[in-house]
Amino acid sequence: WNVIHAAAEHGVRRIVFASSNWAVKALEEKLAPACYRPEGQKIDSETPPFPLTAYGLSKSFGELVGRMFIDEGKLETFVAVRIGNYGPSPSNDEMVRVRWIGTDDIRSLFRRCVEADLKGFHVVYGVSAQKTAPYDLSHTREALSWSPRQVLANRET
């Protein structure tokens, strides 16, 4: 709250908020295991927060504050990035791998969040190019003109 409020009070036009997959973890668990199959139902950018833990609740709160400041006209752009599991290389744990985002992808994603020509409130997902990710990247691709480039090695996921 304090950082977003101070930014708005000082005329910052865009905030890129490092949210988390934990903001929608309860929904992911509800949809599992189907959401991990390429053809399964995915969680999209229109999905409101659905936290499962205090951490997810804190990220959900940040997203809601951003939406409120946009709705009140106090910010021009707020991009909430629901980050999967960042790591320089994919984990051996399959449940971590479905949400993996590599270094090159996370760098290019955040760069697009800063540089893209967009206004308003946006939720985007930060995962690399695995078909088993539980998230629909349609809005992320469209709003940011961004697509993940990194693909999991040694396994088809």
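In what follows, the structure referred to is the one given above.
Being a predicted model, the structure only gives us computed values, none of them experimental.

Colleague: Hey, could you run me through the pairing of strand E2 (residues 77-83) in this one?
Modeller: Residues in a regular strand point their side chains to alternate faces of the sheet. Across the seven residues of E2, seven count as buried, placing the element largely inside the fold. Alternating residues of E2 divide into Thr77, Val79, Val81 and Ile83 and Phe78, Ala80 and Arg82, and every residue in both groups is buried. Where strand E1 (residues 14-20) meets E2, seven bridges bridge the pair, whose relative direction is parallel. Bridge pairing in E2 links Phe17 to Ala80. Pairing analysis gives seven bridges linking E2 to strand E5 (residues 120-126), with the strands arranged parallel. Bridge pairing links Ile83 to Gly126 in E5.

Colleague: Could you clarify how one ought to interpret the environment of Asn85 in this entry?
Modeller: Along the chain, the position of Asn85 falls in strand E3 (residues 85-86). Residues Asn85 and Asn21, 64 residues apart in the sequence, show an inter-C-alpha distance of 8.2 Å. Excluding residues within four positions of it along the chain, Asn85 makes contact with Asn21, Val96, Arg99, Trp100 and Ile101.

Colleague: I'm lost on the nonpolar core in this one. Help?
Modeller: The nonpolar side chains of a soluble globular protein tend to be buried with one another. The biggest cluster of nonpolar side chains holds 25 residues, and the ones touching the most others in it are Ile4, Ile15, Ile43, Leu75, Phe78 and Tyr125. Not counting the four nearest positions on each side in its chain, Ile15 is found in contact with Ile4, Ala7, Leu75, Thr77, Phe78 and Val79. Counting residues in hydrophobic clusters, the runner-up holds 13 residues, among them Ile83, Leu109, Cys113 and Trp146.

Colleague: Looking at this model, I keep getting lost on the packing of aromatic side chains. Mind explaining?
Modeller: The description of two aromatic rings rests on the distance between their centres and on the angle between their planes. Applying the stated rule across the entire model yields four aromatic pairs. Plain terms: the ring middles of Phe78 and Phe121 are 5.8 Å apart, the flat faces sit at 5° to each other, and that makes the pair stacked. Residue Phe78 is found in strand E2, and its partner Phe121 is found in strand E5; the two are separated by 43 residues along the sequence. You'll find Phe78 and Phe121 in the same group, each marked buried. Grouped by ring-pair contacts, the aromatic residues Phe17, Phe78 and Phe121 constitute a single cluster. Looking at Lys59, its charged tip hangs above the ring of Phe17, at a distance of 5.4 Å from the centre. Taking the ring centre of Phe69 as reference, the NZ or CZ of Lys74 above it sits at 5.4 Å.

Conventions used here
- Residues numbered from 1 in each chain as written.
- Predicted model: local features only at pLDDT ≥ 70, side-chain atom pairs only at ≥ 80, totals over all residues.
- Heavy atoms only, no water.
- Buried < 20%, exposed > 50% of the residue type's maximum accessible area, 1.4 Å probe, protein only.
- Helix = DSSP H or I, 4+ residues; strand = E, 2+ residues; numbered from the N terminus.
- Pairing = 2+ DSSP bridges.
- Contact = heavy atoms within 4.5 Å.
- Core = buried A, V, L, I, M, F, W, Y, C linked by side-chain atoms within 4.5 Å.
- Phe/Tyr/Trp six-rings, centres within 6.5 Å; stacked < 30°, edge-to-face > 60°.
- Lys NZ or Arg CZ within 6 Å of the ring centre and 35° of its normal.

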